Amino acid sequence: MELQEALQKRRSVRSYQKQKVEEEKIKKMLEAAILAPSWKNSQVTRYYVVTGEEMLEKVKETLPEFNRKNVQDAPVLIVSAIIRDRSGFERDGTPSNELGNGWGYYDCGMQSMNLLLAAKEQGLDTLVMGIRDAGKIAELLEIPKEQSVVSVIGVGYSQAEPAMPKRKTVADIARFY
Ligand SMILES: Cc1cc2nc3c(=O)[nH]c(=O)nc-3n(C[C@H](O)[C@H](O)[C@H](O)COP(=O)(O)O)c2cc1C
């Protein structure tokens, strides 16, 4: 699949088949995430991949009802997290500029977009969920204290073909000088 096609066809999917996802495909998604750029190559994003039935149910239970429903049959949930105070920070621990940990989250978004596109390329669909209970998820997956949970990403074979929500135009988002 060409990049342009993946960019255009990727949608947030809120209805999945129960069909399992091949481990090899999940690995390819993670390998794509690794290729993303990051602040001084600090690579602070960590992914917690949940495929085991028992843990899947437990993580789904932590989601607010509407998101639980969105991914009720998704066979894979990937929790993204960042190690705080590293990306966007100097060696002595001071923030390099006003964005501080914003750079870690920026890096995480770049990596996660690669992951989403690699999913699409392999016939998979995804849903990024920012509305989640970070504390409950961190406890359940025993995520180290120095990391912050970012998103929960549902992955699977789609059961729907959602239309693209309306997009802004180039004129709306960019100014040329
Ligand atoms: C950071 C982030 C958080 C999001 N959180 C949720 C969420 O909690 N629940 C949900 O259903 N969709 C969520 N979405 C999906 C957006 O609603 C979706 O990307 C947007 O409407 C555009 O649709 P598209 O992804 O199909 O192009 C999130 C997307 C992003 C990037």
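Just so we're clear, the structure is a prediction, and the values are computed from it rather than from any experiment. (Residues numbered from 1 in each chain as written. Predicted model: local features only at pLDDT ≥ 70, side-chain atom pairs only at ≥ 80, totals over all residues. Heavy atoms only, no water.)

Quick word on the pairing of strand E2 (residues 76-83)
The test is simple: Classification of residues uses two cut-offs on accessible area relative to the type maximum, computed with a 1.4 Å probe and protein chains only: under 20% is buried, over 50% is exposed, and between them is partly exposed. Numbering of helices and strands runs from the N terminus; a helix is a DSSP stretch of H or I covering at least four residues, while a strand is a stretch of E covering at least two. A pair of strands is labelled paired if DSSP reports no fewer than 2 bridges between them.
With respect to burial, E2 is a largely interior element, eight of its eight residues being buried. Of the two faces of E2, the one carrying Val76, Ile78, Ser80 and Ile82 and the one carrying Leu77, Val79, Ala81 and Ile83 are both buried. In this sheet, E2 lies alongside strand E1 (residues 45-50) in antiparallel orientation, the contact comprising six bridges. Its bridge partner being in E2, threonine 45 is matched across the sheet by isoleucine 82. Where E2 meets strand E4 (residues 147-156), seven bridges bridge the pair, whose relative direction is antiparallel. Looking at E4, one finds that leucine 77 is bridged to glycine 154.

Brief notes about the site of the ligand
Applicable threshold: By convention in these notes, a residue is near a molecule or strand provided one of its non-hydrogen atoms lies within 4 Å of it. For this analysis, a polar contact is any N or O atom pair within 3.5 Å, provided that within protein one partner can donate a hydrogen and the other can accept it, and provided that sequence-adjacent residues contribute only side-chain to side-chain pairs. Per-residue accessibility takes into account occlusion by the displayed protein chains alone, with areas from the Shrake-Rupley method and a 1.4 Å probe.
As a matter of local geometry, the ligand sits amid 14 residues, with Arg11, Ser12, Arg14, Asn67 and Arg167 nearest to it. Separating an oxygen atom of the ligand from a side-chain N or O atom of arginine 14 is a distance of 2.8 Å. Arginine 167 places a polar side-chain atom, nitrogen or oxygen, 2.7 Å from an oxygen atom of the ligand. In isolation the ligand exposes 620 Å². Once the protein is present, 62% of that is buried.

Brief notes about the sheet that holds E2
Condition: For helices, the fitted line uses only the C-alpha atoms of the stretch in contact; every axis is such a line through C-alpha atoms, and the angle between N-to-C directions lies from 0 to 180 degrees. Note on contacts: a residue pair qualifies if any of its non-hydrogen atoms lie within 4.5 Å across the two residues.
In space, the four strands of this open sheet follow the order E1-E2-E4-E3, with antiparallel pairing throughout. The sheet terminates laterally at E1 and strand E3 (125-129), the two strands that pair on one side only. Neighbour to neighbour, the strand axes of the sheet diverge by 25° on average, direction disregarded. Relative to E4, E3 is paired through five bridges, and the arrangement is antiparallel. By the bridge assignment for E4, methionine 129 is matched with valine 152. Along the sheet, helix H3 (residues 53-62) contacts E1 and E2; its crossing angle with E2, the most-contacted strand, is approximately 65°. In the packing of helix H5 (residues 102-121) onto the sheet, the strands contacted are E1, E2, E3 and E4, and the crossing angle to E1 comes to about 45°.

Here's the deal with the nonpolar core
This is how the line gets drawn: Throughout this description, the term nonpolar core refers to a set of buried Ala, Val, Leu, Ile, Met, Phe, Trp, Tyr and Cys residues connected via side-chain atoms within 4.5 Å.
Val71, Leu77, Val79 and Leu141 are the most contacted members of the largest nonpolar core, which totals 19 residues. Listing elements by their share of this core, those giving two or more residues are E1, H3, E2, E3 and E4. Tallying contributions element by element places E2 first for this core, with three residues. Setting aside anything within four residues of it in sequence, one finds leucine 77 in contact with Tyr48, Val49, Val50, Leu56, Val59, Lys60, Val71, Met129, Val152, Ile153 and Gly154. The next biggest cluster of nonpolar side chains, apart from the first, holds 16 residues, and it includes Ala33, Tyr47, Val76 and Ala119.

Remarks on H5
For clarity, the cut-off: A helix is expected to reach a length of 1.5 Å times the quantity of its residues less one.
With 20 residues, H5 extends 29 Å from end C-alpha to end C-alpha; this agrees with the ideal 28 Å at 1.5 Å per step. Those residues of H5 lying buried are Gly104, Asp107, Cys108, Gln111, Ser112, Leu115, Leu116, Leu117, Ala118, Ala119 and Lys120. On the buried face of H5, the contacting elements are helix H1 (3-9), helix H2 (23-34), E1, E2, E3 and E4. After H5 finishes, the residue glycine 123 shows a positive phi value of roughly 85°.

Focus: the layout of surface pockets
For clarity, the threshold we go by: Using a 1 Å grid laid over the protein atoms alone, points where a 1.4 Å probe fits but cannot get out form a cavity; open sets with protein on both sides within 12 Å along at least 5 of 7 lines form a pocket; any residue with an atom within 4 Å of a point counts as lining. Grid points are joined across faces, edges and corners, and a volume is the space filled by probe spheres set on the points. Gly counts as polar in this scheme, as do all residues outside two lists: the nonpolar Ala, Val, Leu, Ile, Met, Phe, Trp, Tyr, Cys and Pro, and the charged Asp, Glu, Lys and Arg.
In this model, the largest pocket occupies a volume close to 180 Å³. Lining the largest pocket, in full, are Lys9, Arg11, Val13, Lys120, Asp125, Ser158, Gln159, Ala160, Glu161, Pro162, Ala163 and Met164. Per-class residue counts for the lining of the largest pocket are five nonpolar, two polar and five charged.

Some points on a nonpolar patch on the surface
This is how it is decided: Candidate patch residues must exceed 30% relative accessible area and have no salt bridge, after which like charges are joined if within 9 Å and Val, Leu, Ile, Met, Phe, Trp or Tyr side chains if within 5 Å. When a carboxyl oxygen of Asp or Glu is within 4 Å of a side-chain nitrogen of Lys or Arg, the pair counts as a salt bridge.
Together, Leu3, Leu7 and Met113 give the surface a local cluster of nonpolar side chains, amounting to about 260 Å² of exposed area. If you trace the backbone, leucine 7 turns up in helix H1. Here leucine 7 falls in the partly exposed class, since its relative accessible area comes to 40%.

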